[in-house]
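Residues per chain, in single letters:
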Amino acid sequence: MQKNNDDMTNQKVRVRFAPSPTGPLHIGGVRTALFNYLFARQHGGTFILRIEDTDSTRFVPGAEEYINNSLAWLGMQVDEGGLEGKGEYGPYKQSERREIYSKYAKQLVETGWGYYAFDTPAELDALRAEAEASKKAFAYDMHSRLSLKNSLSLSEEEVKSRMESGEPWVIRFKMPENVEVHTNDMVRGAVAFNTNTLDDKVLYKSVDQLPTYHLANIVDDRLMKISHVIRGEEWLPSVPLHVMLYRAFGWEDEMPQFAHLPLILKPTGKGKLSKRDGDKGGFPVFPLDWKLNDGNVAAGYRESGYFPEALVNLLALLGWNPGDDRELFSMDELIEAFSIERVNKSGARFDPDKAKWFNQQHLVRKSDEEIATLFTEELKEKGVEAAPEMVVKAVGLVKERVNFVSELWDQVAFFFQAPVQYDPKVVKKRWKESIPGFMTELAGKLDAMTTWQAEDIKATTAALIEEKELGFGLVMNAFRLTLVGGGFGPDLMTIAEMIGKEETINRVRTAVEVIGA
RNA sequence: GGUCCCUUCGUCUAACGGUUAGGACGUAAGAUUUUCAUUCUUGAAAUAGGGGUUCGAUUCCCCUAGGGACUACCA
């Protein structure tokens, strides 16, 4: 009884993330990796990275490194596979497993589940075009295969001679007729297909001696003892083929469990998020920057200022929720809270605004020291010298008002350098007639102070305001303008205290000079 | 076109068949503040439509509509 539960708890969990190195991974792929990772960690299982490079024509240099770097940046440690290829079920790169696939592909032909086909791509294209012209769809399937060039329709001698002459061939799967395929998807429940609507997929091609995705996928999942296949919904239509393949090999009883994740959709418009959506929407779709051939760079989350934990957090909540109101999670908390049963079925539209909010939340939760360390690097780039304590304190005062570390400078620049200009709007609004004279006098009063605490500065300022019978708000805003250069920032008296007496007085006098009457 | 999947505020989502349908992002208003921001309070905002089943459907079933994925010698 409860076979499934036993499978879940007793069977060793081994999951794989199996991207194709055809370019940078996008966040849909990253989320698939994340869900696999969370599932593996939660069950004390193994997280495997397998590179599916069975299409020799689509190989992109650097893509594999990119995948590795992305996972590393996000904090997903690969247990088997990856660049080092560690693990006992290797190689973990499909292009290095040629002989294995060849053997299994031929086995399928021998057992009658597959056949050799000689139709050229050009011929098939022509058939498709022809069918389209008469508003039909061409399929290489149980209805058409006997009229095409393959080992089912051709004589044994002909097949032999074609192969011996070096003519390229492929092995196709011989999809059986009228078989009901039932699967029980972990996120979708029961899903059924009939093989009558399926075609004879190419499984292996002689030209590059490589399998196509379907064969490689089944063979490797079997050989690598994969327990659960967690992948995007775009693979759902392939499930019946895959099930039949397991059946053909006699592995169906130990077939992995499937879980098809909902797609991540474009923020606006229709369809699933694609690699080009980032440029239009002004948000990254890649974890890391990726250099394009034309010299441009596709923006990455890292370079755009996102924390890896923020990306992980927001991706986890796209298609999954903990069942309560919690939204902020660390990776460890996600591992604890995650469950595949709570993964949604419907696609989730990506929301760039909420992405920023996640980053802001994680930023606020970091210590002032940690943010200061990150910010100090930026200060160095700007050539700004600043006392470490000053940076920590300044950052602590403003961190709640930014989404990214990169936005910090605009909020704290005045702590480190005098205003280079005064916001005209604020000047117009706050720099009234009575101000220049008052400020000059205030500078004198401040100069005469023997202490320099915020409260003392405030007392001195307030006393003069009272004496001159001016408005507190009026003066404070003008005072702020002299120190900050604009109408923003944290408590003014704290700013004055932090930049010091001499600097404060200088800024007041400079402002009077520059802005004048 | 065919196959399959999906459908709760604009968006992400919650809700043993019984709730004034909740939260978050965004948005609007107000309060506070020496400014901006923060913060706080409040508001607007959803069960696609139609049939069933049921004492009672957001929830279960069917149909319709809409959306999506797939339909390569790509993954």
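All values reported here derive from a predicted model rather than from experimental measurement.

Caption draft 1: Looking closely at the overall build of chain A. Along the backbone of chain A there are 21 helices and 15 strands. Taken over the C-alpha trace, chain A has a radius of gyration of 32 Å; the compact-globule value for 517 residues is 24 Å, which it surpasses by more than 25%. In terms of principal-axis extent, the alpha carbons of chain A reach across some 110 × 55 × 40 Å. By residue count, 50% of the 517 residues in chain A fall in the buried class. Restricting to contacts in chain A with at least 6 residues of sequence separation, those with at least 24 account for 72%. Computed over 63 positive and 78 negative side-chain charges, the inter-centroid distance for chain A is 3 Å.

Caption draft 2: Representation of the protein's contact with RNA strand B within the structure. The immediate surroundings of RNA strand B are formed by 61 residues, with Asn-321, Glu-327, Arg-401, Gly-489 and Asp-491 found nearest. A share of 72% is what sugar and phosphate atoms reach among the atoms of RNA strand B within 4 Å of the protein. Gly-319 is positioned such that a nitrogen or oxygen atom in its backbone is 3.0 Å from a phosphate oxygen of RNA strand B. The side chain of Asn-344 places a nitrogen or oxygen atom 3.5 Å from a phosphate oxygen of RNA strand B.

Caption draft 3: Spotlight on the sheet that holds strand E8 (residues 202–205). Across the sheet, four strands lie side by side as E4-E5-E8-E9; this open sheet has antiparallel pairing. Since the sheet does not close on itself, it has two edges, and those belong to strand E4 (114–117) and strand E9 (210–211), each with one partner.

Caption draft 4: Highlighting the pattern of salt bridges. Overall, the coordinates contain 30 salt bridges when judged by the stated rule. With its nearest N and O atoms 3.5 Å apart, the salt bridge here joins Arg-58 to Asp-55. Arg-58 gets classed as partly exposed once you look at its relative accessible area, which sits at 48%. Taking the relative accessible area as the measure of exposure, Asp-55 reaches 32% and is therefore partly exposed. Through salt bridges with shared partners, one network takes in Arg-16, Arg-50, Glu-52, Arg-97, Asp-220 and Asp-221.

Caption draft 5: Geometry of the packing of helix H17 (residues 435–447) against helix H18 (residues 454–468). Look at H17 against H18: their axes get within 10 Å of each other, and the N-to-C directions meet at 140°. Here H18 runs oblique to H17, going by the angle between their axes. Considering only the axes of H17 and H18, their crossing is right-handed. On H18, the residues that touch Phe-438, Glu-441, Leu-442, Lys-445 and Leu-446 of H17 are Ile-457, Thr-460, Thr-461, Leu-464, Ile-465, Glu-467 and Lys-468. The residue makeup of the contact of H17 with H18, split by class, is six nonpolar, two polar and four charged.

Caption draft 6: Representation of the side chain of His-26 in the model. You can see His-26 is positioned in the loop between strand E1 (14–17) and helix H2 (27–42). His-26 gets classed as buried once you look at its relative accessible area, which sits at 19%. With near-sequence residues (within four places) excluded, His-26 lies in contact with Leu-273, Ser-274, Lys-275, Val-285 and Phe-286.

Caption draft 7: Representation of the packing of aromatic side chains. This model, assessed by the stated rule, comprises 21 aromatic pairs. The ring of Phe-35 has Arg-31 sitting right over it, with the charged end atom 5.2 Å from the ring centre.

Caption draft 8: Broad picture of the environment of Met-493. Relative to the helices and strands, Met-493 is located in helix H20 (residues 492–499). Judged by relative accessible area, Met-493 falls into the buried class, the value being 3%. Separated by 34 residues in the primary sequence, Met-493 and Ala-459 place their C-alpha atoms 10.0 Å from one another.

Caption draft 9: Spotlight on helix H4 (residues 98–110). Its 13 residues place the ends of H4 19 Å apart at the C-alpha level, agreeing with the 18 Å of an ideal helix rising 1.5 Å per residue. Those residues of H4 that fall on the buried side of the exposure criterion are Tyr-101, Ser-102, Tyr-104, Ala-105, Leu-108 and Val-109. Positioned one or two residues after H4, Gly-112 has a phi angle of 85°, which is positive.

Caption draft 10: Fine view of the nonpolar core. Ranked by internal contacts, the top residues of the largest apolar core, which has 59 residues, are Leu-34, Phe-35, Phe-47, Leu-71, Met-76, Ile-340 and Phe-350. The biggest single contributor to this core is H2, with nine residues. Here Leu-34 is in contact with Met-76, Val-312, Leu-315, Ala-316 and Met-331, once residues within four sequence places are set aside.

Caption draft 11: Here's a closer look at the packing of helix H19 (residues 472–484) against H20. With their axes 10 Å apart at the nearest point, H19 and H20 run at an angle of 35° to one another. As H19 packs across H20, the resulting crossing turns out to be left-handed. For the pair formed by H19 and H20, the contact residues are Met-476, Phe-479, Arg-480, Leu-483 and Val-484 on the first element and Leu-492, Met-493, Ile-495, Ala-496 and Ile-499 on the second. The class makeup of the residues in the contact of H19 with H20 is nine nonpolar, no polar and one charged.

Caption draft 12: Seen up close, helix H8 (residues 239–249). Most of H8 is tucked away, with 10 of its 11 residues classed as buried. All of the buried residues along H8 are Val-239, Pro-240, Leu-241, His-242, Val-243, Met-244, Leu-245, Tyr-246, Ala-248 and Phe-249. Just beyond H8, the residue with positive phi is Gly-250, at close to 80°.

Caption draft 13: Region of the structure containing the confidence of the model for chain A. With 98% of its residues at a pLDDT of 70 or more, chain A has an overall mean of 93. On the interface metric, ipTM, the complex scores 0.95, and its pTM is 0.93.

Caption draft 14: Structural detail: unusual backbone geometry. The omega torsion of the bond from Gly-90 to Pro-91 falls at -5°, within 30 degrees of zero and hence cis. For Pro-91, the location among the structural elements is in the loop between strand E3 (80–81) and H4. One non-glycine residue, Lys-135, adopts positive backbone phi at about 55°. Here Lys-135 is to be found in the loop between helix H5 (121–133) and helix H6 (156–164). With a relative accessible area of 81%, Lys-135 lands in the exposed category. With a phi angle near 55°, Lys-225 is a residue other than glycine that sits in the positive phi range. Summarising the element assignment, Lys-225 is placed in the loop between helix H7 (213–223) and strand E10 (228–232).

Cut-off values and rules
Residues numbered from 1 in each chain as written. Chains lettered and ligands numbered in written order. Predicted model: local features only at pLDDT ≥ 70, side-chain atom pairs only at ≥ 80, totals over all residues. Heavy atoms only, no water. Helix = DSSP H or I, 4+ residues; strand = E, 2+ residues; numbered from the N terminus. Rg over C-alpha atoms; globule rule 2.2 N^0.38 Å. Buried < 20%, exposed > 50% of the residue type's maximum accessible area, 1.4 Å probe, protein only. Contact = heavy atoms within 4.5 Å. Lys, Arg positive; Asp, Glu negative; His and termini not counted. Charge placed at Lys NZ, Arg CZ, Asp CG, Glu CD. Near = heavy atom within 4 Å. Polar contact = N/O pair within 3.5 Å; in protein donor to acceptor, adjacent residues only side chain to side chain. Pairing = 2+ DSSP bridges. Salt bridge = Lys/Arg side-chain N within 4 Å of Asp/Glu carboxyl O. Axes fitted to C-alpha atoms, helices over the stretch in contact; angles between N-to-C directions. Parallel < 35°, antiparallel > 145°, perpendicular 65-115°, else oblique. Left-handed = near helix turned anticlockwise from the far one by under 90°. Nonpolar A, V, L, I, M, F, W, Y, C, P; charged D, E, K, R; others polar. Phe/Tyr/Trp six-rings, centres within 6.5 Å; stacked < 30°, edge-to-face > 60°. Lys NZ or Arg CZ within 6 Å of the ring centre and 35° of its normal. Expected span 1.5 Å × (residues − 1). Core = buried A, V, L, I, M, F, W, Y, C linked by side-chain atoms within 4.5 Å. pLDDT = per-residue confidence, 0-100.

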